[in-house]
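Given next are the chains, with one letter for each unit.
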Amino acid sequence: MLTSEELGPFTVIIPLLGVGLCFAVVYYEKNRREDNPLLAVLAVSWFIAVQLIASTDPFSSSLEWSDNMMDDLPGVMLLVAGVCIPFIGSYNLFQRSQHVRDTLVHNVPMHHMIYICSFRIAGASLLYLYYIGNFKNYALFHGGVCDTTIGLTAIPLAQYVKKRGVKNCRHLIFAWNIFGLIVGYALTFLLFMANFLGLFQAEYPLAVMLHNPISTIILFNVPLASIMHILMMANFDTMCDSHIVSNFGEQRINESSLLIPQQQ
């Protein structure tokens, strides 16, 4: 288990960022007079579930990989499954719920989605572990740099997009999202799996990523930010053409214009 000495201020910062994000989502829907706060309820429920699960450190009992890979495999697979659940649930919800499609694609300005990604600053904890702790694996450095970069640039980029307009920032928005999703998350995951298999810096095990509160970042922050990145890229043109209204549900979008296919 990671100690407060190893994590320093991030022992408190990571859960506080999660709580702050949940309050922001709830306030956002309440402020827009949302009659069906489904997304806020789901976000808060998932955050609470992640906190309860991660607090017991069920994925690994050690900060180092076992000599027998099969001993660590269940924890790794359980963590991966925990990341996949929100993706699968979100996709099904997007397909089946007109309200969710209207909310995410039609009624929420893109610069607000960019704002949300500022909570990725929690990933700076990986840099802290790399420089202050004894975890010198490059994957921690890489993931920490990418998360910190996205977290620090989210608010300035959101303000710029709000001022210039979404259409005028197409290339910048796509570059930012690709960096956050592919360079940040996908490459870090590949390095993590390579380390688990003993193919990348095996002398510096990444079992630390299976321990609380780092595991809460993986289970909560990663799926939420990834979903935001995917939504912004997959439905860019539709979101450009959307007219934001004060109350959700006042306008419907043309579903044929969505780049995410709809279920018949």
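Look above for the structure.
Residues numbered from 1 in each chain as written. Predicted model: local features only at pLDDT ≥ 70, side-chain atom pairs only at ≥ 80, totals over all residues. Heavy atoms only, no water.

## Topic: the packing of aromatic side chains
- One pass over the structure, following the stated rule, counts nine aromatic pairs.
- Judged by centre distance (5.2 Å) and plane angle (70°), the ring pair of Phe-47 and Phe-220 falls under edge-to-face. With Phe-47 in helix α3 (residues 38-54) and Phe-220 in helix α10 (residues 214-234), this residue pair connects regions lying 173 residues apart in the sequence. The same class applies to Phe-47 and to Phe-220, which are both buried.
- With centroids separated by 5.4 Å and ring planes inclined at 45°, the aromatic side chains of Tyr-130 and Phe-141 adopt a geometry described as tilted. In this pair, Tyr-130 sits in helix α7 (residues 124-131) while Phe-141 sits in helix α8 (residues 138-164), placing the two residues 11 residues apart along the sequence.
- By the ring-pair criterion, three or more aromatic residues cluster together here, those being Tyr-130, Tyr-131, Tyr-138 and Phe-141.
- Across the ring face of Tyr-185, the terminal group of Arg-120 is positioned such that the distance to the ring centre comes to 3.9 Å. (Phe/Tyr/Trp six-rings, centres within 6.5 Å; stacked < 30°, edge-to-face > 60°. Helix = DSSP H or I, 4+ residues; strand = E, 2+ residues; numbered from the N terminus. Buried < 20%, exposed > 50% of the residue type's maximum accessible area, 1.4 Å probe, protein only. Lys NZ or Arg CZ within 6 Å of the ring centre and 35° of its normal.)

## Some thoughts on the pattern of salt bridges
- One pass over the full model with this rule turns up two salt bridges.
- For Asp-147, the salt bridge goes to Arg-120, with nearest N and O atoms at 2.6 Å. In this pair, Asp-147 sits in helix α8 while Arg-120 sits in the loop between α6 (110-116) and α7, placing the two residues 27 residues apart along the sequence.
- For Arg-120, a relative accessible area of 1% puts it in the buried group. (Salt bridge = Lys/Arg side-chain N within 4 Å of Asp/Glu carboxyl O.)

## Section: the packing of helix α4 (residues 69-96) against helix α5 (residues 98-107)
- In the contact formed by α4 and α5, the axes pass within 5 Å of each other and the chain directions differ by 105°. Here α4 is positioned roughly perpendicular relative to α5, judged by the angle of their axes. Two secondary-structure elements touch here, α4 through Leu-93, Phe-94, Gln-95 and Arg-96 and α5 through Gln-98, Val-100, Arg-101, Leu-104 and Val-105.
- Of the residues contributing to the contact of α4 with α5, the split by class is five nonpolar, two polar and two charged. (Axes fitted to C-alpha atoms, helices over the stretch in contact; angles between N-to-C directions. Parallel < 35°, antiparallel > 145°, perpendicular 65-115°, else oblique. Contact = heavy atoms within 4.5 Å. Nonpolar A, V, L, I, M, F, W, Y, C, P; charged D, E, K, R; others polar.)

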